[in-house]
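Commentary on secondary and tertiary structure
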Amino acid sequence: MSLAGLFSTRWPGVALFDLDGTLVDSAPDLSAAVDQMLEHLGRSPVGIDRVRQWVGNGASILVRRALAGQVDWEPARPKDDALFKDALAIFYHAYGTLNGRHSVVYAGVEACLTHLKQQGCRLGVVTNKPEQFVAPLLEQMGLDHWFDLSVGGDTLPVKKPDPAPLLHAMEALGGTRGTTVMVGDSATDINAALAAGIPCVAVRYGYNYGPAVDTLGADAVVDSLAELL
């Protein structure tokens, strides 16, 4: 499909964006918080390259992956669950002090958001990041004024890839499945959009792990959001 002009005066009416890996490269802060957590627990830091592969399913999964040292982790035994709870609290504290300090907005994001707003599009963020960190990061990045709504990973009882957060945001912003698009960087975002029956645009520069994002069923895949204008 031709991507130039995909975002036009006629479509979309509502655009929902993932946050980490789509709007903002937040891996430097997430990695620093993970490494601080691990060092506090007497473990070796893992570094940003590995943390980039673990982001996208919320803070709890990120911490479990860090404790396991890999993407796949075993269900917790009682003693592991106690360690996880301590680790999560340490991570929350560390990330809360860093949130946005080393993060940057991806190239093409501001141009895309400016264009959509000029066309009267209503914008929302739907992320698996805990809600308490969403608004501060958007504000720190200077992006908060673009968005009419944000849904965090703990705003509802479920998170992406469940479609409920997308449908909640779509309905709150007055959209329909025919007028709404989801923009994300991973299988989590694409699968949520597919389950919701909403078109999806994926970016190649984010935190997806496993199969290439081009193979996951998105309606369009881009290297920059500016390609859609």
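Residues numbered from 1 in each chain as written. Predicted model: local features only at pLDDT ≥ 70, side-chain atom pairs only at ≥ 80, totals over all residues. Heavy atoms only, no water.

What follows deals with the domain arrangement of the protein chain. Split by domain assignment, the protein chain resolves into domain 1 (3–23 + 106–228) and domain 2 (27–97). Contact residues are listed per partner, giving eleven residues for domain 1 and 14 residues for domain 2. A combined buried area of about 1100 Å² lies between domain 1 and domain 2, and 57% of that area is made up of carbon and sulfur atoms. For the pair domain 1 and domain 2, the interface holds zero salt bridges. Between domain 1 and domain 2 we count five residue pairs in polar contact (both at pLDDT 80 or more) in total. Among the elements that take part in the side of domain 1 that touches domain 2, helix α6 (residues 131–140) stands out by supplying three residues, more than any other. Residue composition of the side of domain 1 that touches domain 2, grouped by class: five nonpolar, three polar and three charged. (Domains from an automatic or database assignment. Contact = heavy atoms within 4.5 Å. Buried area = accessible area lost by both parts, 1.4 Å probe. Salt bridge = Lys/Arg side-chain N within 4 Å of Asp/Glu carboxyl O. Polar contact = N/O pair within 3.5 Å; in protein donor to acceptor, adjacent residues only side chain to side chain. Helix = DSSP H or I, 4+ residues; strand = E, 2+ residues; numbered from the N terminus. Nonpolar A, V, L, I, M, F, W, Y, C, P; charged D, E, K, R; others polar.)

Attention now moves to the sheet that holds strand β4 (residues 122–126). Here six strands make up an open sheet; going across it, the order is β5-β4-β1-β6-β7-β8 and the pairing parallel. Of all strands in the sheet, those with a lone pairing partner are β5 (149–151) and β8 (220–222), marking the two edges. Neighbour-to-neighbour, the strand axes of the sheet open up by a mean angle of 20°, direction not taken into account. Where β4 meets β5, three bridges bridge the pair, whose relative direction is parallel. The residue of β5 that forms the bridge with valine 126 is valine 151. Relative to strand β1 (residues 14–17), helix α5 (residues 109–118) is tilted by about 155°, and along the sheet it contacts β1 and β4. (Pairing = 2+ DSSP bridges. Axes fitted to C-alpha atoms, helices over the stretch in contact; angles between N-to-C directions.)

This part covers the UniProt feature "binding site: Mg(2+)" (unreviewed entry) in the protein chain. The sites that carry the UniProt feature "binding site: Mg(2+)" (unreviewed entry) are, in the present numbering, Asp18, Asp20 and Asp185. Taken along the chain, the residues just named run across 168 residues; in space they keep tight, none of their C-alpha pairs more than 8.5 Å apart. When you line up the elements, aspartate 20 lands in the loop between β1 and β2 (24–25). Those residues in contact with aspartate 20 that sit more than four places away from it in its chain are Ser26, Leu30, Val55, Thr127, Lys129, Leu137, Asp185 and Tyr207. By the element assignment, aspartate 185 lies in the loop between β6 (180–184) and α8 (187–196). The class of aspartate 185 is buried, set by a relative accessible area of 3%. Beyond its immediate chain neighbours, meaning those up to four positions away, aspartate 185 contacts Asp18, Asp20, Gly21, Thr22, Val203, Gly206, Tyr207, Asn208 and Val213. (UniProt positions renumbered as here; feature names shortened; annotations may be inferred. Buried < 20%, exposed > 50% of the residue type's maximum accessible area, 1.4 Å probe, protein only.)

This part covers the side chain of arginine 65. By secondary structure assignment, the location of arginine 65 is in helix α3 (residues 59–68). Lacking a salt bridge, the buried arginine 65 has aspartate 72 as its closest oppositely charged neighbour, with an N-O distance of 6.2 Å. A distance of 3.0 Å separates polar atoms of two side chains, one belonging to arginine 65 and the other to asparagine 57. A polar contact is formed between the side chain of arginine 65 and the backbone oxygen of valine 71, at a distance of 3.1 Å. Once you skip the residues sitting within four places of it in the chain, arginine 65 turns out to touch Trp54, Asn57, Gln70, Val71, Trp73 and Tyr209. (Lys, Arg positive; Asp, Glu negative; His and termini not counted.)

Tallying each qualifying case throughout the model produces seven aromatic pairs. Between phenylalanine 91 and tyrosine 95 the ring centres are 5.9 Å apart and the planes differ by 5°, which places this aromatic pair in the stacked class. Taken as a pair, phenylalanine 91 and tyrosine 95 lie in helix α4 (residues 78–98) at a separation of four residues, close to a single helical turn. Overall, tyrosine 95 belongs to the buried group, its relative accessible area being 1%. Every member of this aromatic cluster is reached through a ring pair, and the members are Phe91, Tyr92, Tyr95 and Phe133. The side chain of arginine 64 reaches across the aromatic face of phenylalanine 84, ending 3.7 Å from its centre. (Phe/Tyr/Trp six-rings, centres within 6.5 Å; stacked < 30°, edge-to-face > 60°. Lys NZ or Arg CZ within 6 Å of the ring centre and 35° of its normal.)

Before going further, it helps to examine unusual backbone geometry. Where the residue is not glycine, phi is negative for most of them; where a peptide bond is considered, it is trans in most cases. The omega angle of the peptide bond from tryptophan 11 to proline 12 is 0°, so this bond is cis rather than trans. Within the secondary structure layout, proline 12 lies in the segment before β1. Of note, the amide linkage connecting lysine 160 to proline 161 takes the cis form, showing an omega dihedral of 15°. When you line up the elements, proline 161 lands in the loop between β5 and α7 (164–172).

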